[in-house]
Amino acid sequence: MQLNKTKIKKLVEKNYAFTQMTFDEDYVIKDNKPDVLLIVCATGMPEVEEVRASNNSVWVTGRMNFEIMYRQEGNGNNPEVIKGAIPFQEKLMVENTNEGEVPKVNCEVEDLSVNIINSRKISIRGIINIESKVIENVQYDIAQGLESGECEQLICPEEFLELQVSKFDTLRVDNEFAIPKSKPNIGRILYDFVDVRNIETSFSGNQLNIQGELYCLVFYMSEERENEWYDTTLTFSGSIRCDEAYDPDIYWAKVNMVQKTLEAEVDYDNEMRQINLQVVFEIEICAWKNREIDILKDAYSLNENLIPQKKVLTLDRFLIKNTARNRFTEQIHMDTADDGIMQICGCKSNVRVEHSYIEDDRMKVDGMLTVHMLYIASDDGFPVRCRIDQIPFEQQIELQGVNDKSFCKLEAGVDQLQINLLDSKEYEVKAAIHVAAIAFDRKDITVIDEVESEMYGDEDDDIPGIVGYVVQKDEKLWDIAKKYRTTVEQICNVNGIEANSVKNGDKIVVVKITNS
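Residues numbered from 1 in each chain as written. Predicted model: local features only at pLDDT ≥ 70, side-chain atom pairs only at ≥ 80, totals over all residues. Heavy atoms only, no water.

Enquirer: I keep staring at the nonpolar core and nothing clicks. Help me out?
Expert: Ranked by size, the top nonpolar core spans 32 residues in total, and within it Val 194, Phe 203, Leu 208, Ile 210, Phe 281 and Ile 283 carry the most contacts. Among the secondary structure elements, those contributing two or more residues to this core are strand E7 (152-178), strand E8 (186-204), strand E9 (207-222), strand E10 (227-241), strand E11 (250-266) and strand E12 (272-300). Looking at this core element by element, the count peaks at seven residues for E12. Counting 29 residues, the second-largest nonpolar core is a separate cluster that includes Ala 324, Leu 399, Val 429 and Ala 437. (Core = buried A, V, L, I, M, F, W, Y, C linked by side-chain atoms within 4.5 Å. Buried < 20%, exposed > 50% of the residue type's maximum accessible area, 1.4 Å probe, protein only. Helix = DSSP H or I, 4+ residues; strand = E, 2+ residues; numbered from the N terminus.)

Written out as structure tokens, the structure reads:
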């Protein structure tokens, strides 16, 4: 029999895999660079170049871009910088992955360290966390009724969350700023920090709007070969078109900086005082609409035997979206053997959620805030120094109705960061971080996929024409009417009752409807 069906869209995470890849590479200093005496600081940013899926596996190819500032031998207090890349390839075992699929891969570096082997060779070590997942936008056909009007149909409303859009997109931000007149001209940029802070998103029409701040520290050598630095905070904004979504009821956006380029340029006076900053963000976007539709749950006919073919679908329901913010201050004491701090140049940070669990309508999160601080030490021979501090934190997010079976997405970031020097050996880190979560409930519902029909057999004629019946526990009038080949309306009329008023132990009269 012909079914009236409607289509709904749902986001399905088909498979997921996570691995940690260690790298340990020896890097030979190029001939045009001076010898290495002391490593000051190092940063790394993994870049994925190719993702290839095959049967039950995903190959990830990329490079780990690094930038290292070091003290050179025999040239006063001027640091030197080397930039390079370490190629990598890793195989992730992912069940049910097929050739031709396009997994989404995210990489981040952890525990990057650089050690000196000799004056012309260094060792670069670290861990790359690799996350792979295949996300599919699936479409379900759900029956809302039978086209034939000569049958009884059980139709019930269901509320669920329908996916409007799920995609990854990029936002490119170009920003320019000039160093103040009190600072000397730039001879050469040695090192930089670019930190993303205070991200905010909103949806208007079919656009996701993004705004935030870029903290930028530029450490450079002046034309007079003196160490100089300048830091500033820039605001940025942009938007991503989402033609499939318009004013969604619920959305989720996760913003991640994947690439940055900082270069010095001449200004209108032909002096090297202008800074051009280009940043590329990768943005994960999901948007949903709350929807209620009538779903055909069962059907039978008085004239012929209907055989519904049923299946179980899992639909999502929105529970709650919430953001918890945490401000804290951490006092840090330096080792007595370390040179004291004369001046702080700038800092950058990274926040990482390490563990989360559900307890009593809330999510508890354990994480780590990593702070990199570039500063000028009291060593006149070579004053440039860098410290890395790791500060653990705990956060609770109120998520009413959530349980250990709920599906949650998490995102964490830094809103504010400030380091205050207390004395030459002590400083305090003031930070404001946020942890955002969105929670969904998943419900299995039984729907009718198709309906077959056949003539009633002789055994069906044995159903009595009238019977006294005692309602059983959890039994509905629909079940009784279908069993005795009558209708709910007929039972209600004969007994003078309402359809939803019967309960366990009630006695009713059931009269079979006989077609002439």
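Still to come is the rest of the account.
Enquirer: Explain the sheet that holds E12 here, please?
Expert: Sheets are built from strands that pair by backbone hydrogen bonding, the pairs being arranged parallel or antiparallel. In space, the three strands of this open sheet follow the order E7-E12-E11, with antiparallel pairing throughout. Unpaired on one side and paired on the other, E7 and E11 mark the two borders of the sheet. The average undirected angle you get between the axes of adjacent strands in this sheet is 10°. Taken together, the 26 bridges between E7 and E12 define a ladder with antiparallel strand orientation. In the sheet register, Thr 170 faces E12, and the bridge partner there is Glu 282. (Pairing = 2+ DSSP bridges. Axes fitted to C-alpha atoms, helices over the stretch in contact; angles between N-to-C directions.)

Enquirer: Got a minute to help me understand the pattern of salt bridges in this structure?
Expert: Should the charged atoms of two oppositely charged side chains come close, the side chains can pair. What the rule picks out here adds up to 34 salt bridges. Here Asp 316 and Lys 10 are joined by a salt bridge, their closest N and O atoms 3.9 Å apart. Within this pair, whereas Asp 316 is found in strand E13 (residues 305-333), its partner Lys 10 is found in strand E1 (residues 3-28), the two being separated by 306 residues in sequence. Each member of the pair Asp 316 and Lys 10 is classed as buried. Between Arg 120 and Asp 35 there is a salt bridge, with the nearest N and O atoms lying 2.7 Å from each other. Of this pair, Arg 120 sits in the loop between strand E5 (104-118) and strand E6 (121-146) while Asp 35 sits in the loop between E1 and strand E2 (36-54), placing them 85 residues apart in sequence. Since its relative accessible area comes to 24%, Arg 120 is described here as partly exposed. (Salt bridge = Lys/Arg side-chain N within 4 Å of Asp/Glu carboxyl O.)

Enquirer: Sorry if this is basic, but what is going on with a nonpolar patch on the surface here?
Expert: Taken together, Ile 466, Val 494 and Val 509 make up a surface patch of nonpolar side chains, about 240 Å² in accessible area. Positionally, Val 494 belongs in helix H2 (residues 488-495). Residue Val 494 is classed as partly exposed on the basis of its relative accessible area, which comes to 40%. (Patch = residues over 30% accessible without salt bridge, like charges linked within 9 Å, V, L, I, M, F, W, Y side chains within 5 Å. Areas by Shrake-Rupley, 256 points an atom, 1.4 Å probe, with all protein chains shown as cover.)

Enquirer: What is the right way to look at the sheet that holds strand E3 (residues 57-72) in this model?
Expert: The three strands lie next to each other as E2-E3-E4, forming an open sheet whose pairing is antiparallel. Two strands lie at the open edges of the sheet, namely E2 and strand E4 (79-93), each paired on one side alone. Taking the axes of each pair of neighbouring strands and ignoring which way they run, one obtains an average angle of 15° across the sheet. With 16 bridges connecting them, E2 and E3 associate as antiparallel partners. Residue pairing in the sheet places Ile 39 in a bridge with Tyr 70 of E3.

Enquirer: Teacher, can you tell me more about H2 here?
Expert: Working note: α-helix, 3.6 residues per turn, so residues spaced by three or four point in the same direction. Every buried residue of H2 is listed here: Val 488, Ile 491 and Cys 492. Seen from one end, H2 has its buried residues packed into an arc of 100°, which puts them on one side. Relative to its buried face, H2 has exposed residues pointing more than 90 degrees away, namely Glu 489 and Asn 493. Looking at the buried positions of H2, the neighbouring elements they touch are E12, helix H1 (477-483) and strand E20 (507-511). (Arc of directions from axis to C-beta. Contact = heavy atoms within 4.5 Å.)

Enquirer: How should I be thinking about the environment of Ser 237 in this particular structure?
Expert: Structurally, Ser 237 is set in strand E10. The spatial distance from the C-alpha of Ser 237 to the C-alpha of Glu 213 is 8.7 Å, given a sequence separation of 24 residues. Non-local contacts of Ser 237, meaning those with residues more than four positions away in its chain, are made with Ile 210 and Gln 211.

Enquirer: Would you mind showing me how to read the pairing of E11 here?
Expert: A regular strand places its side chains so that they alternate between the two faces of the sheet. Across 16 bridges, the pairing between E11 and E12 is antiparallel. Residue pairing across strands places Glu 263 opposite Asn 276, the latter belonging to E12. Adjacent in sequence and paired antiparallel, E11 and E12 are bridged by five residues, among which Asn 270 carries a positive phi angle near 65°.

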